[in-house]
Amino acid sequence: MYGWSRASRLLTLTLARPAAAQSTGMVRGIVKDMQGQPVENAKVIIEADGSNRKFETKSNKKGEFIQIGLPSGRYKVSAEKDKVVSNEAGVSVSVSRPAEANLILGAAAAVAATKEAAAKGAELKKAFDEGVVASKAGNYDEAIAKFTGGGRPQSELLRLLLQHGLLGVAEERLRRG
């Protein structure tokens, strides 16, 4: 009877192991640089949303990575190499199919620069529009102040003054001091 009990326990453990392995999912993908070339040995960070679970792996010489054994759920995936970070990809891990995360080193900085440029552009447009309104109302000093504020380059300033017929007015104001 002892032999049968031990065999049944072994059979139970053998059958339970694949079931447990099938209750997790995986993330795979590729890490490239801004020129589209694969990045070898990039650290790939996989962080579970809503918890402090964090997994790390490395990319191979083709830039490919895979992380298995992840519980189902939402994850943020990013990569880093030589202090250059990638975009962050949100993925959903499930048992039924692998999640894909394609990462580009340097993309995070590019996105930040684009947002900064957009904010700067909006700020310039607002000042420009206010300068045009002041100019049309005959408030030339205010218009010139709007056009020259914010440390704009001289070439941009001249273009704005010429475009709105304020160059002569600006010269007059400068002469008067």
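Let me begin by describing the structure that accompanies this report. (Residues numbered from 1 in each chain as written. Predicted model: local features only at pLDDT ≥ 70, side-chain atom pairs only at ≥ 80, totals over all residues. Heavy atoms only, no water.)

## Points about the overall build of the chain
In step 1: A tally of regular secondary structure across the chain gives five helices and eight strands.
In step 2: The buried share among the 177 residues of the chain stands at 26%.
In step 3: In the chain, 50% of the contacts between residues at least 6 apart in sequence involve partners at least 24 apart.
In step 4: When the accessible surface of the chain is summed, it comes to about 11800 Å², and 56% of that surface belongs to carbon and sulfur atoms. (Helix = DSSP H or I, 4+ residues; strand = E, 2+ residues; numbered from the N terminus. Buried < 20%, exposed > 50% of the residue type's maximum accessible area, 1.4 Å probe, protein only. Contact = heavy atoms within 4.5 Å. Areas by Shrake-Rupley, 256 points an atom, 1.4 Å probe, with all protein chains shown as cover.)

## Some remarks on the nonpolar core
In step 1: Ranked by size, the top nonpolar core spans 19 residues in total, and within it V27, V31, V44, F65, V77, V91 and L103 carry the most contacts.
In step 2: When contributions to this core are tallied by element, the ones reaching two or more residues are strand 1 (24-32), strand 2 (43-48), strand 4 (64-71), strand 5 (73-81), strand 7 (89-93) and strand 8 (99-104).
In step 3: The contacts of V27, once residues within four sequence positions are left out, are F65, I66, Q67, L70, V77, V91, V93, A99 and A101. (Core = buried A, V, L, I, M, F, W, Y, C linked by side-chain atoms within 4.5 Å.)

## Brief notes about the pairing of strand 5
In step 1: One ladder, built from six bridges, connects strand 2 with strand 5; its direction is antiparallel. Residue pairing for strand 5: I46 is matched across the bridge by V77.
In step 2: Summarising the sheet, strand 5 and strand 7 pair through five bridges and their orientation is antiparallel. In the sheet register, K76 faces strand 7, and the bridge partner there is G90.
In step 3: The hairpin formed by strand 5 and strand 6 (residues 84-85) contains two residues between the paired strands, and D82 there has a positive phi angle of roughly 50°. (Pairing = 2+ DSSP bridges.)

None of the figures reported here should be taken as evidence of function without further support.
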